[in-house]
Amino acid sequence: YPLGVLMKMLGAERRTRRRVLLDATGELRYVRLLDQMVDAANDPRLLPPAERPAEEVLLGLAGIPLERLTQTVKELPDEPADEDLHRIRIRAKRVRYAAEAVAPVVGKKASRFAAAASRLQDRLGDLQDSTVAHEWLSAAARSHPAVAFSAGQLAGLELVRAEQARTGWEELWIRLSRPNLRSWM
């Protein structure tokens, strides 16, 4: 019974958020964005670097997200907050996308680098998922006495999962930082 109530609560929240999302796709701002994207695809405005060899341009572009990720990691306090690690996750995702985008031109080394960035992103994604789940379950436990025990137990499990993700990300960052993995850049 308590898990059924939690599932109903989660389903109601999902429907509400989906409705908000669908409403946004009908707004003029969204339609204008789609029109701009179609126009850009049909008539791309090229900058002078478009005249240079693809590998040269792409390597320069792929390095920018990595520089930002490296700087963000360097600026972390000794005990980073979950919000700080979420920023690292977002930056790791951008690094991964950049490496995946250049892989057809650069080759397998960029693909291996993208895979390493993906592992870091996934680990920190697990942390974010557990943090969000913990917050939701804690709120459910406070607002519905009938589910308090079950929600509290599940929230506790999410804390354990979060701690596992929180302690494992640094090793993945060290692997991503190895010079041999970055040799394609």
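Residues numbered from 1 in each chain as written. Predicted model: local features only at pLDDT ≥ 70, side-chain atom pairs only at ≥ 80, totals over all residues. Heavy atoms only, no water.

Draft legend 1. Expanded view of the overall build of the protein. A count of helices and strands for the protein gives six helices and zero strands. Secondary structure of the protein in N-to-C order comes out as α-α-α-α-α-α. Compactness check: the protein gives a C-alpha radius of gyration of 21 Å against a globular reference of 16 Å for 185 residues, more than 25% above the reference. Taking the principal axes of its C-alpha atoms as reference, the protein extends roughly 65 × 45 × 25 Å. (Helix = DSSP H or I, 4+ residues; strand = E, 2+ residues; numbered from the N terminus. Rg over C-alpha atoms; globule rule 2.2 N^0.38 Å.)

Draft legend 2. Summary view of the pattern of salt bridges. Under the defined criterion, the tally for this structure stands at eight salt bridges. Note that Glu56 and Arg52 form a salt bridge whose closest N and O atoms lie 2.6 Å from each other. Accessibility expressed as a relative area gives 41% for Arg52, which makes it partly exposed. Between Arg87 and Asp84 there is a salt bridge, with the nearest N and O atoms lying 2.3 Å from each other. Residue Arg87 and its partner Asp84 are located together in helix α4 (residues 82-106), separated by three residues, close to a single helical turn. With a relative accessible area of 15%, Asp84 lands in the buried category. Linked through salt bridges whose partners overlap, the residues forming this network are Asp82, Glu163 and Arg166. (Salt bridge = Lys/Arg side-chain N within 4 Å of Asp/Glu carboxyl O. Buried < 20%, exposed > 50% of the residue type's maximum accessible area, 1.4 Å probe, protein only.)

Draft legend 3. A nonpolar patch on the surface, seen in detail. On the surface, a nonpolar cluster with roughly 520 Å² of combined accessible area is contributed by Leu28, Tyr30, Val31, Leu33, Leu34 and Met37. Mapped onto the elements, Leu34 comes out in helix α2 (residues 28-42). When its relative accessible area of 37% is taken as the criterion, Leu34 is described as partly exposed. (Patch = residues over 30% accessible without salt bridge, like charges linked within 9 Å, V, L, I, M, F, W, Y side chains within 5 Å. Areas by Shrake-Rupley, 256 points an atom, 1.4 Å probe, with all protein chains shown as cover.)

Draft legend 4. Spatial organisation of the packing of helix α5 (residues 108-143) against helix α6 (residues 148-177). With their axes 8 Å apart at the nearest point, α5 and α6 run at an angle of 160° to one another. The orientation of α5 with respect to α6, classified from their angle, is roughly antiparallel. Crossing hand, α5 versus α6: left-handed. Of the residues belonging to the contact of α5 with α6, the class tally is 20 nonpolar, six polar and six charged. (Axes fitted to C-alpha atoms, helices over the stretch in contact; angles between N-to-C directions. Parallel < 35°, antiparallel > 145°, perpendicular 65-115°, else oblique. Left-handed = near helix turned anticlockwise from the far one by under 90°. Nonpolar A, V, L, I, M, F, W, Y, C, P; charged D, E, K, R; others polar.)

Draft legend 5. The nonpolar core, seen in detail. In terms of nonpolar packing, the biggest core is built from 29 residues, with Leu69, Phe113, Leu120, Trp169 and Leu176 touching the most fellow members. Contributions of two or more residues to this core are made by α3 (54-74), α4, α5 and α6. Counting nine residues, the second-largest nonpolar core is a separate cluster that includes Met9, Ala140, Ala151 and Ala155. (Core = buried A, V, L, I, M, F, W, Y, C linked by side-chain atoms within 4.5 Å.)

Draft legend 6. Spotlight on α6. Between its first and last C-alpha atoms α6 spans 44 Å; for 30 residues at 1.5 Å apiece the expected length is 44 Å, and the two agree. In the structure, α6 departs most strongly from a straight axis at Gly168, where the bend amounts to approximately 30°. Among the residues of α6, those classed as buried are Ser150, Ala151, Ala155, Glu158, Ala162, Ala165, Gly168, Trp169, Leu172, Trp173 and Leu176. Turning to α6, the residues buried within the fold contact α1 (2-25), α3, α4 and α5. (Expected span 1.5 Å × (residues − 1). Bend = angle between axes of the 7 residues up to and from the residue. Contact = heavy atoms within 4.5 Å.)

Draft legend 7. Fine view of a positive patch on the surface. Judged by side-chain charge, Arg14, Arg15, Arg18 and Arg19 come together as a positively charged surface patch. Here Arg18 is to be found in helix α1. Relative accessible area serves as the criterion here: at 47%, Arg18 is assigned to the partly exposed category. (Lys, Arg positive; Asp, Glu negative; His and termini not counted. Charge placed at Lys NZ, Arg CZ, Asp CG, Glu CD.)

Draft legend 8. Structural context of the packing of aromatic side chains. Under the definition given, this model contains one aromatic pair. Plain terms: the ring middles of Phe113 and Trp184 are 5.6 Å apart, the flat faces sit at 65° to each other, and that makes the pair edge-to-face. Of this pair, Phe113 sits in helix α5 while Trp184 sits in the segment after α6, placing them 71 residues apart in sequence. Assessed through its relative accessible area of 1%, Phe113 is described here as buried. (Phe/Tyr/Trp six-rings, centres within 6.5 Å; stacked < 30°, edge-to-face > 60°.)

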